[in-house]
Structure formats: C-alpha cells, structure tokens
Amino acid sequence: MKNMLDLDGPLVRALSDLNTLVILNILTALFCIPVITAGASVAAMHYVIMEMFENRGDGAAREFWKRFKENLGNATPVWLILLAAAIFIYADCWIIMGGQTGLPRAMLVPLYIGAFIEASIAVYAFPLTARF
C-alpha cells in the first residue's frame with residue numbers, strides 16, 4: 001500500500017496523466033472555437049498525447065502551443081477540405097430529409113457511407129499530420 005501512494009507510484013502517475021488529458025481537452029476545445037483552427041488544434045492534441053505515451057515532453061500547455069503553431073500550416077488545409085465535405089454531406093441530407101423533393105429515403109444510404117468514410121479519414125489524417 002505504501003508503494004502505491006509514493007510520488008513515483010502508479011496512482012500518482014495515473015492522476016498526473018489524467019490531469020494532462022483534462023488540460024489538453026480544455027485547450028483543444030478553446031482552440032477549436034474559431035472553426036478555421038480546429039484542424040491544427042486536434043493535430044497538436046494528438047502530438048502531445050503521442051509524446052505523453054512515449055514519456056517525453058515538458059508540459060502539456062507549452063507543448064500544445066508549440067505544436068499548434070507548427071501544425072497551423074499543415075493541418076488547416078486538411079481540415080478545410082474535410083469541413084467542406086461535411087457541409088456538402090449535411091446539405092444533401094437536409095435536402096433529402098426535407099421532404100419537399102419527394103426523394104426516397106434510400107438515397108441517404110450513400111450519404112451515410114460517405115460520412116463514415118469522411119470520419120474515418122479524419123480520425124486517421126490528424127494524427128498522421130501531427131506525426132509527420
């Protein structure tokens with residue numbers, strides 16, 4: 001029991017990692033408020049998390065800010081392309097679900113597939129952008 005509560009023990013390490021994740025989530029949410037910078041924010045979060053799991057890095061907020069500035073030029077075009085595709089898919093769903101055109105609901109299936117593919121690309125693109 002004594003070893004568990006030491007400063008190098010597993011409980012304190014887990015609480016420290018949890019604190020880092022909370023700070024990262026708050027920073028990511030704040031930097032996503034201007035929609036244009038959401039891609040760089042998510043990429044910076046992924047980079048800091050990767051460094052956290054490799055046990056290197058010198059503070060979540062400082063590292064997040066540094067990586068945010070680095071990823072602003074790389075992740076923003078990727079994010080804007082994904083955002084445009086999401087708006088297009090949403091507009092198509094809104095037109096079909098509106099009921100004014102009389103289109104069958106089966107036409108939503110390709111849009112759902114497209115949304116799934118876009119989400120899959122987004123989940124893969126930002127960690128890849130953060131790493132390279």
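Trainee: Any chance you could explain the overall build of the protein chain here in plain terms?
Mentor: Regarding its fold elements, the protein chain presents four helices and zero strands. Starting at the N terminus, the α and β elements of the protein chain follow one another as α-α-α-α. The 132 residues of the protein chain split such that 28% are buried. Summed over its atoms, the accessible surface of the protein chain is roughly 8,800 Å², and 72% of this surface lies on carbon and sulfur atoms.

Trainee: Explain the nonpolar core here, please?
Mentor: Within soluble globular proteins, side chains that are nonpolar generally end up buried alongside one another. Judged by nonpolar contacts, Leu 24, Leu 27, Ala 40, Ala 44, Met 45, Val 48, Ala 60, Phe 64 and Phe 68 together constitute the single largest core of nine residues. With four residues, helix 2 (residues 38-53) is the single largest residue contributor to this core. Leave out the neighbours within four places in its chain, and Phe 64 touches Leu 24, Leu 27, Thr 28, Phe 31, Ser 41, Ala 44, Met 45 and Val 48. In this structure, Ala 38, Ala 43, Ala 75 and Trp 79 belong to the second largest nonpolar core, which totals eight residues.

Trainee: I'm lost on the pattern of salt bridges in this one. Help?
Mentor: A pair can form between side chains of opposite charge whenever their charged atoms are brought close. For the structure shown, the criterion picks out three salt bridges. Taking the shortest distance from any N to any O, the salt bridge between Glu 51 and Arg 67 comes out at 3.5 Å. On the criterion of sequence distance, the pair formed by Glu 51 in helix 2 and Arg 67 in helix 3 (residues 60-97) is long-range, its members being 16 residues apart. The two residues Glu 51 and Arg 67 agree in class, both being buried. Two residues, Glu 63 and Arg 67, come together in a salt bridge whose shortest N-O distance is 2.9 Å. Residue Glu 63 and its partner Arg 67 are located together in helix 3, separated by four residues, close to a single helical turn.

Trainee: Explain the packing of helix 2 against helix 4 (residues 108-131) here, please?
Mentor: Axis angle and axis distance: for two packed helices, these are the angle between their axes and the distance between the axes, and together they describe the pair. Between helix 2 and helix 4, the least distance of the axes is 8 Å, while the angle of their chain directions is 65°. Overall, the two elements helix 2 and helix 4 adopt an arrangement that is roughly perpendicular. Considering only the axes of helix 2 and helix 4, their crossing is right-handed. Contacts from Gly 39, Val 42, Ala 43, His 46, Tyr 47 and Met 50 in helix 2 reach Phe 126, Pro 127, Ala 130 and Arg 131 in helix 4. Grouping the amino acids of the contact of helix 2 with helix 4 by side-chain chemistry returns seven nonpolar, two polar and one charged.

Trainee: How should I be thinking about the side chain of Ser 41 in this particular structure?
Mentor: Along the chain, Ser 41 falls in helix 2. A relative accessible area of 0% places Ser 41 in the buried class. Not counting residues within four places of it along the chain, the set of residues in contact with Ser 41 comprises Leu 27, Thr 28, Phe 31, Cys 32, Phe 64 and Phe 68.

Trainee: Quick question: what am I supposed to make of the confidence of the model for the protein chain here?
Mentor: Low pLDDT means the predicted coordinates in that region are not meant to be read closely. Overall, the prediction assigns the protein chain a mean pLDDT of 84, with 89% of residues at 70 or greater. Ranking the elements of the protein chain by mean pLDDT puts helix 1 (residues 10-31) last with 87 and helix 2 first with 89.

Rules used in this analysis
Residues numbered from 1 in each chain as written. Predicted model: local features only at pLDDT ≥ 70, side-chain atom pairs only at ≥ 80, totals over all residues. Heavy atoms only, no water. Helix = DSSP H or I, 4+ residues; strand = E, 2+ residues; numbered from the N terminus. Buried < 20%, exposed > 50% of the residue type's maximum accessible area, 1.4 Å probe, protein only. Areas by Shrake-Rupley, 256 points an atom, 1.4 Å probe, with all protein chains shown as cover. Core = buried A, V, L, I, M, F, W, Y, C linked by side-chain atoms within 4.5 Å. Contact = heavy atoms within 4.5 Å. Salt bridge = Lys/Arg side-chain N within 4 Å of Asp/Glu carboxyl O. Axes fitted to C-alpha atoms, helices over the stretch in contact; angles between N-to-C directions. Parallel < 35°, antiparallel > 145°, perpendicular 65-115°, else oblique. Left-handed = near helix turned anticlockwise from the far one by under 90°. Nonpolar A, V, L, I, M, F, W, Y, C, P; charged D, E, K, R; others polar. pLDDT = per-residue confidence, 0-100.

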